[in-house]
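Residue-level structure breakdown
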Amino acid sequence: MSLPRRRLLAGAGLLAPALATPALLAPGTARAQPAWPNRPVRMVVPFPGGGATDVTARVVCERLSVLLGQPVVVDNRPGAGGILGSDMVAKAEPDGHTLLTCTIGTASINQFLYSKLPYDPAKDLTSVAMANSLANVVVVPASSEIRSLPQLLEASKKTDMNYGTPGNGTSGHMCAELLKSRTGAKFMHVPYRGSATVIPDLIAGRIELAVDNIPPYLPHIQEGRLRAIAVTSKARWFALPDVPTVAESGVAGFEAEAWFGFQAPSRTPKPVLDRLSAMILDILKEPAVIARLRDVGSEPRPLGPTEFQAFIKAEDAKWQEVIRVSGARLD
């Protein structure tokens, strides 16, 4: 073999390992892992603006934008009880640039309420962090003669009553169905497209009551346009301390809270998920953020991904049984 050929082969042998080792690639080359985030992040809210899900997203995203150094844009995609927006995120590119503000409905209830979903909550989405929870409120127009839950239940047995919620599969819907199954009340469900569309009809008396998250109703209750007659939490809720619980009102053991958190497409890289989770948990500990969430009637409940996933599994068992007993079903 000639000397030049030996030198060429030797050089190729030394070069090959370097080409095969990604760790040795210089930043900015085609095979280097791109930085995250390298463009604005989209936070999909699967309900209209103005509701508790939207408020949670905006409070957290405002601070997350600062910490990430990129805009985190809230994108309201309502429809089908949160299914449309959730499906959009489940099928999004798993690169950390599309996230979901999830709810008790989208992450737990819907899979039991509907015979088929276009996504699998357990397989197609992964937990990032739980954010907060809140009680639902049973509320009637200020013009209503009903002033207590026992009065409401008695009236409902004499005539059908329409109750509004922000949509099928929401915690308000399930709380009302649980109440029906426990008391024999005759409530007819009227699903709306978000809390903001329920409230005008309720104030005007076009529906007899609503069962929904506290925050969007709180100012109307405080200003006397609506009357809260019960909250669904185990204990009285701090935002409405004078309003009795459903259990106090005669339905023993009744307890249900809505909750909210953040999810990402299931194949999102773990380093991205870890960074996101750490940032969100830090945000939820900030005094200003705690104050803002409490100002609208919700309580911070920060949980990391492992704890949040375990919490969801416990909620799955609870709401699957509620749906079975109540017979509620949507197809």
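Everything numeric in this text was worked out from a predicted model, so none of it was measured. (Residues numbered from 1 in each chain as written. Predicted model: local features only at pLDDT ≥ 70, side-chain atom pairs only at ≥ 80, totals over all residues. Heavy atoms only, no water.)

1. Examining the packing of helix H2 (residues 52-68) against helix H10 (residues 270-283)
Spelled out, the test is: Axis definition: a line fitted to C-alpha atoms, limited for helices to the stretch in contact. Angles are taken between N-to-C directions and run from 0 to 180 degrees. Labels follow the DSSP assignment, with helices taken as runs of H or I lasting at least four residues and strands as runs of E lasting at least two, numbered in each case from the N terminus. Should an angle fall under 35 degrees it is called roughly parallel, over 145 degrees roughly antiparallel, and 65 to 115 degrees roughly perpendicular, with every other angle called oblique. Crossing handedness is read from the near helix: turned anticlockwise from the far helix by less than a right angle, it gives a left-handed crossing, and turned clockwise, a right-handed one. Any two residues whose heavy atoms approach within 4.5 Å at even a single point are treated as in contact. Under the grouping applied here, Gly and all other residues not named as nonpolar or charged are polar, the nonpolar ones being Ala, Val, Leu, Ile, Met, Phe, Trp, Tyr, Cys and Pro and the charged ones Asp, Glu, Lys and Arg.
Running from N to C, H2 and H10 cross one another at 125°; their axes reach a closest spacing of 10 Å. Between H2 and H10, the interaxial angle falls into the category oblique. In this structure, H2 meets H10 at a crossing whose hand is right-handed. Of the residues in H10, those touching H2 at Val 60, Arg 63, Leu 64, Leu 67 and Leu 68 are Arg 275, Leu 276, Met 279, Ile 280 and Ile 283. Residue composition of the contact of H2 with H10, grouped by class: 8 nonpolar, no polar and 2 charged.

2. Side note on the side chain of Glu 315
Keep this limit in mind: Whether a residue is buried, partly exposed or exposed follows from its accessible area with a 1.4 Å probe, protein chains only, as a fraction of its type maximum: under 20%, in between, or over 50%, in that order. Here Asp and Glu are counted as negative and Lys and Arg as positive; His is not counted, and neither are the chain ends. The term salt bridge refers to a side-chain nitrogen of Lys or Arg lying within 4 Å of a carboxyl oxygen of Asp or Glu.
One can find Glu 315 in helix H12 (residues 305-326). Although Glu 315 lies buried, it forms no salt bridge, and the closest oppositely charged side chain, Lys 318, sits 4.7 Å away as judged by the N-O distance. Not counting residues up to four positions away in its chain, the partners in contact with Glu 315 are Ile 104, Ser 108 and Trp 259.

3. Side note on the packing of helix H4 (residues 104-113) against H12
Direction vectors running N to C along H4 and H12 enclose 40°, while the axes themselves pass 9 Å from each other. Classified by the angle their axes make, H4 and H12 are oblique. By crossing handedness, the relation of H4 to H12 is classed as right-handed. Between H4 and H12, the residues in contact are Ile 104, Ala 107, Ser 108, Ile 109, Gln 111, Phe 112 and Leu 113 and Ile 312, Glu 315, Asp 316, Trp 319, Gln 320 and Ile 323, respectively. Looking at side-chain class alone, the contact of H4 with H12 contains 8 nonpolar, 3 polar and 2 charged residues.

4. So, the nonpolar core
To keep things clear, this is the line we draw: Residues belong to a common nonpolar core when they are buried Ala, Val, Leu, Ile, Met, Phe, Trp, Tyr or Cys residues joined through side-chain atoms within 4.5 Å.
Judged by nonpolar contacts, the single largest core of 70 residues is most densely connected at Leu 149, Leu 152, Phe 187, Leu 209, Tyr 217 and Leu 240. For this core, the element with the most residues is strand S4 (residues 125-141), which contributes 8 residues. In contact with Phe 187, other than residues within four places in its own chain, are Leu 152, Leu 153, Ser 156, Met 161, Tyr 163, Leu 179, Lys 180 and Leu 209. Counting 28 residues, the second largest nonpolar core, distinct from the first, contains Trp 36, Ala 264, Val 272 and Leu 276.

5. Considering the confidence of the model for the chain
Here is the rule: Per residue, pLDDT captures the predictor's confidence, and it can take any value from 0 to 100.
When pLDDT is averaged along the chain, the result is 89, and 90% of the positions lie at 70 or above. The model gives residues 2-31 a pLDDT under 50, and that stretch makes 9 contacts with residues more than four places away or in other chains.

6. Re the pairing of strand S1 (residues 41-45)
Here is the rule we go by: Note on pairing: DSSP must find at least two bridges between two strands before they are called paired. Seen with its strands pointing away from the viewer, a crossover is right-handed if its path from the first strand over the helix to the second goes clockwise.
Burial within S1 is extensive, with 4 of its 5 residues counted as buried. Looking at chain direction, S1 and strand S2 (residues 72-76) are connected through 5 bridges and run parallel. Within S2, the residue paired with Val 45 across the bridge is Asn 76. What joins S1 to S2 is H2, and the crossover it makes is right-handed. In this structure, S1 lies alongside strand S3 (residues 98-103), joined through 3 bridges in parallel fashion.

7. Notes on empty space enclosed by the protein
If you roll a probe as big as a water molecule over the atoms, it shows you where there is empty space left. Note the threshold: Using only the protein atoms, space was sampled on a 1 Å grid; points where a 1.4 Å probe fits but cannot get out form cavities, open sets with protein on both sides within 12 Å along at least five of seven lines form pockets, and lining residues are those with an atom within 4 Å of a point. Grid points are joined across faces, edges and corners, and a volume is the space filled by probe spheres set on the points.
In total, this model carries 1 cavity of 30 Å³ or more according to the counting rule given. Empty space within the largest cavity amounts to approximately 170 Å³. Surrounding the largest cavity, 18 residues form its lining, Phe 47, Thr 53, Pro 166, Thr 170 and Asn 213 being those nearest its centre. Where the lining of the largest cavity is concerned, the elements lending two or more residues are H2, helix H7 (171-183), strand S7 (209-213) and strand S9 (257-265). The leading source of residues in the lining of the largest cavity is H2, at 3 residues.

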